[in-house]
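Below, each chain spelled out in residue letters.
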Amino acid sequence: MAEKIAIMETVLRDAHQCLVATRMRTEDMLPIAAELDDIGYWSLETWGGATFDATLRYLNENPWERLRQLRAAMPRTRFQMLLRGQNIVGYRNYPDDVVQAFVAHAAANGIDVFRIFDAMNDVRNMKTAIEAALATGKLVEGTVCYTISPVHSADYFLRVAEKLAEMGVQIICLKDMAGMLAPYAAYEIVGKLKSRIGLPLHLHSHCTAGLAQMSYMMAIEAGVDIIDTAISPFSQGSSQPATEQMVAALQGTPHDTGLDLAKLARIAEYFYAVRGNYAEFESPVNNQIKTDILTSQVPGGMLSNLIAQLRQQKAEHQLEAVLAEMPHVRKDLGYPPLVTPTSQIVGSQAALNVVTGKRYAVVSVETQKYVMGHYGEAPGPLSDEMKAKVLRNRQPITCRPADLLEPGLEQARKDSESLARNDEDVLTYALFPDIAKEYFLARD
């Protein structure tokens, strides 16, 4: 059983991604950096996920520059990032050379821990990223995405974790991106993972269904080592349990985190003021306990962005219908865990089904690619209707999807020659050519 529980703080990445659509600016992070650095967190999540895309697309900021500024301001604390395996920080598979270069540059600019996952739990899609991250000498968390379906079980998650351990990762992460992990399920899965795999176990969850705090406590009893929390102003709802809450709950026990509540209170005071700057991105849905997440399975970060997208289309009133359609689409696609990019694929297809009023009258390009096997192997069988509609007479691929991709770095270098100032600009362009071009032109 784990003794002292370690904490990863998510306020600079996942917490604001979940609650204010990833809009927190670097200028709101830097003034509190010294205090964050002084806490003694196991790690601080500062990068990755949707932050790379959002800083460029919405904030006109350079994500690499954000990382460097934060690193300079917080020299003592481990920096952690979320990396989507072969999708890196984007929404499709990228060539191996782009993955390798990105990981090397992320490590060089200050990332100490790479949490690497694949939306399908297809370890083939994590292999290149894991090997690249291990080659930098940094810590690698091999990640198992948690979900509930007829094809997922404690033994299924254990099998994925065992494959990751064989690949040489130093930590296993159980990633409950939609907040569906119930307390007794947490106890069972954590117990199995800890009894079979001799690696530290890191648990990530969300409060969307109101279960995370109880699940954390049960996971701690079962031997989990590290938990993800968010400082209180950016906690709860579709974000993580509050850091202070978990620290207080464990005080004076064998699991005491050793963190100082008075110091955390000062950080909370700062972020209460900061949250007010992002009121336009707030949605009541993100601050409610919604047990219907157990049906729709929409992860926190996607929920705030889905609401923002529907709001843009003047279709926010159709949110409930889209959420109700998602489980049907997910079943048709073989029950993928809903996390980027599969959450977007299922969400977009559900929205198309609702808006057109007819299921699969329009099938998105991403859904077609998914059915063709370009995102990896689905956990369960696909519906015959879906296959007939998409495949016609074509055969889906069976190889690792990235094996079909040509190297992409030199082409990106060539295409961005007149705009890119350095290798990081080239990588930004390789990931998001259109957004990068717009950003570079505005910058120049």
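Residues numbered from 1 in each chain as written. Predicted model: local features only at pLDDT ≥ 70, side-chain atom pairs only at ≥ 80, totals over all residues. Heavy atoms only, no water.

Trainee: Where do I start with the packing of helix H8 (residues 183–196) against helix H9 (residues 212–222) in this structure?
Mentor: In a pair of packed helices, the angle between the axes and the distance between the axes together describe the arrangement. Where H8 contacts H9, the two axes come as close as 8 Å, and the packing angle between them is 30 degrees. If you check the angle between H8 and H9, you find them roughly parallel. Crossing of H8 over H9 shows right-handed handedness. Residues Pro183, Tyr184, Ala186, Tyr187, Val190, Gly191 and Lys194 of H8 form the contact with H9, whose participating residues are Met214, Ser215, Met218, Ala219, Glu221 and Ala222. Residue classes in the contact of H8 with H9 are distributed as nine nonpolar, two polar and two charged. (Axes fitted to C-alpha atoms, helices over the stretch in contact; angles between N-to-C directions. Helix = DSSP H or I, 4+ residues; strand = E, 2+ residues; numbered from the N terminus. Parallel < 35°, antiparallel > 145°, perpendicular 65-115°, else oblique. Left-handed = near helix turned anticlockwise from the far one by under 90°. Contact = heavy atoms within 4.5 Å. Nonpolar A, V, L, I, M, F, W, Y, C, P; charged D, E, K, R; others polar.)

Trainee: What should I look at first to understand the packing of aromatic side chains in this one?
Mentor: To describe a pair of aromatic rings, you give the distance between the ring centres and the angle between the ring planes. Applying the stated criterion across every chain, the model contains 13 aromatic pairs. Taking the centre distance of 5.1 Å and the plane angle of 40 degrees together, the rings of Tyr146 and Phe157 count as tilted. Separated by eleven residues along the polypeptide, Tyr146 in the loop between strand E5 (139–145) and helix H7 (154–166) and Phe157 in helix H7 bring together distant segments of the chain. According to the relative accessible area criterion, Phe157 is buried, its value standing at 2%. Grouped by ring-pair contacts, the aromatic residues Trp47, Phe52, Trp64, Tyr91, Phe102 and Phe432 constitute a single cluster. When the ring centre of Tyr58 is taken as reference, the NZ or CZ atom of Arg23 above it lies at 3.7 Å. Here Lys175 stacks its cationic end above the ring of Phe117, 5.1 Å away from the centre of that ring. (Phe/Tyr/Trp six-rings, centres within 6.5 Å; stacked < 30°, edge-to-face > 60°. Buried < 20%, exposed > 50% of the residue type's maximum accessible area, 1.4 Å probe, protein only. Lys NZ or Arg CZ within 6 Å of the ring centre and 35° of its normal.)

Trainee: Whenever I open this one, a positive patch on the surface confuses me. Can you help?
Mentor: Where like charges cluster on the molecular surface, the positive patch consists of Lys358, Lys389, Arg392 and Arg394. Along the chain, Arg392 falls in the loop between helix H17 (384–391) and helix H18 (409–415). The class of Arg392 is exposed, set by a relative accessible area of 67%. (Patch = residues over 30% accessible without salt bridge, like charges linked within 9 Å, V, L, I, M, F, W, Y side chains within 5 Å. Areas by Shrake-Rupley, 256 points an atom, 1.4 Å probe, with all protein chains shown as cover. Salt bridge = Lys/Arg side-chain N within 4 Å of Asp/Glu carboxyl O. Lys, Arg positive; Asp, Glu negative; His and termini not counted. Charge placed at Lys NZ, Arg CZ, Asp CG, Glu CD.)

Trainee: Sorry, what's going on with the sheet that holds strand E6 (residues 171–175) here?
Mentor: The strands making up a sheet are joined through hydrogen bonds of the backbone, oriented either antiparallel or parallel. Taking strand neighbours around the barrel as the criterion, the eight strands line up as E1-E2-E3-E4-E5-E6-E7-E8 in a closed arrangement whose pairing is parallel. Going across the sheet, the axis of each strand differs from the next one's by a mean of 30 degrees, ignoring polarity. As paired strands, E5 and E6 are joined by five bridges and run parallel to one another. Residue pairing across strands places Cys145 opposite Lys175, the latter belonging to E6. Helix H5 (residues 96–108) rests against strand E2 (43–48), strand E3 (79–83) and strand E4 (113–116) of the sheet, and its axis sits at about 160 degrees to E3. (Pairing = 2+ DSSP bridges.)

Trainee: Please clarify how H9 should be interpreted in this entry.
Mentor: Note that an α-helix has 3.6 residues per turn; residues three or four places apart therefore point the same way. Ala212, Gln213, Ser215, Tyr216, Ala219, Ile220 and Ala222 are the residues of H9 that are buried. Elements that come into contact with the buried residues of H9 comprise H8, strand E7 (201–204), strand E8 (226–229) and helix H10 (243–250). Just downstream of H9, Gly223 is the residue with a positive phi angle, here 110 degrees.

Trainee: What is the right way to look at the nonpolar core in this model?
Mentor: Inside soluble globular proteins, nonpolar side chains tend to come together where they are buried. Counting residues in hydrophobic clusters, the biggest one holds 136 residues, and the most contacted among them are Tyr41, Phe102, Phe114 and Phe271. Ignoring sequence-local partners within four residues, the contact set of Tyr41 consists of Ile7, Glu9, Leu36, Thr77, Ile231, Thr243, Leu259, Leu264 and Ile267. Residues Leu82, Phe117, Ala119 and Cys145 belong to the second largest nonpolar core, which totals six residues. (Core = buried A, V, L, I, M, F, W, Y, C linked by side-chain atoms within 4.5 Å.)

Trainee: Explain the pairing of E3 here, please?
Mentor: In summary, the side chains of a regular strand alternate between the two faces of the sheet. The buried fraction of E3 amounts to five of the five residues, a majority that puts the element mostly inside the structure. Bridge analysis of E2 against E3 gives four bridges, and the strand direction is parallel. Counted as the bridge partner of Trp47 is Met81 from E3. As judged from the four bridges shared by E3 and E4, these two strands associate in the parallel manner.

Trainee: I keep staring at the side chain of Arg275 and nothing clicks. Help me out?
Mentor: Locating Arg275 in the fold gives a position in helix H11 (residues 261–275). Accessibility expressed as a relative area gives 14% for Arg275, which makes it buried. Among the polar contacts made by the side chain of Arg275, one reaches the main-chain carbonyl oxygen of Pro233 at a distance of 2.7 Å. Here Asn287 takes part through its side chain, which lies 3.1 Å from a polar atom of the side chain of Arg275. Among residues more than four places away in sequence, those in contact with Arg275 are Leu19, Pro233, Phe234, Glu282 and Asn287. (Polar contact = N/O pair within 3.5 Å; in protein donor to acceptor, adjacent residues only side chain to side chain.)

Trainee: So what exactly am I meant to see when it comes to the pattern of salt bridges here?
Mentor: Side chains bearing opposite charge may pair, as long as their charged atoms lie close to each other. Taken as a whole and judged by the stated rule, the model has 28 salt bridges. When the shortest N-O distance is used, the salt bridge between Arg13 and Glu45 registers 3.0 Å. In this pair, Arg13 sits in the loop between strand E1 (6–9) and helix H1 (14–19) while Glu45 sits in strand E2, placing the two residues 32 residues apart along the sequence. Given the relative accessible area of 1%, Arg13 is considered buried. Of the residues examined, Glu45 reaches a relative accessible area of 1% and is grouped as buried. Note that Asp225 and Lys194 form a salt bridge whose closest N and O atoms lie 2.7 Å from each other. Remark: Lys194 occurs in helix H8 and Asp225 occurs in the loop between H9 and E8; sequence separation between them is 31 residues. We classify Lys194 as partly exposed; its relative accessible area is 28%. Taken together, the shared-partner salt bridges connect Asp37, Asp38, Arg76 and Lys263 into one network.

Trainee: How do you make sense of the packing of helix H19 (residues 423–431) against helix H20 (residues 433–443) when you look at a structure like this?
Mentor: With their axes 6 Å apart at the nearest point, H19 and H20 run at an angle of 135 degrees to one another. Relative to H20, the element H19 is oriented oblique. Of the residues in H20, those in contact with Asp425, Thr428, Tyr429, Ala430 and Leu431 of H19 are Pro433, Ala436, Phe440 and Arg443. In terms of residue class, the contact of H19 with H20 is built from six nonpolar, one polar and two charged.

Trainee: It is not clear to me how unusual backbone geometry should be interpreted in this structure. Could you clarify?
Mentor: Although it is not a glycine, Thr22 sits at a positive phi angle of roughly 65 degrees. Taking relative accessible area as the criterion, Thr22 reaches 2% and is therefore assigned buried. Positive phi, normally seen in glycine, also occurs at Arg392, with a value near 50 degrees.

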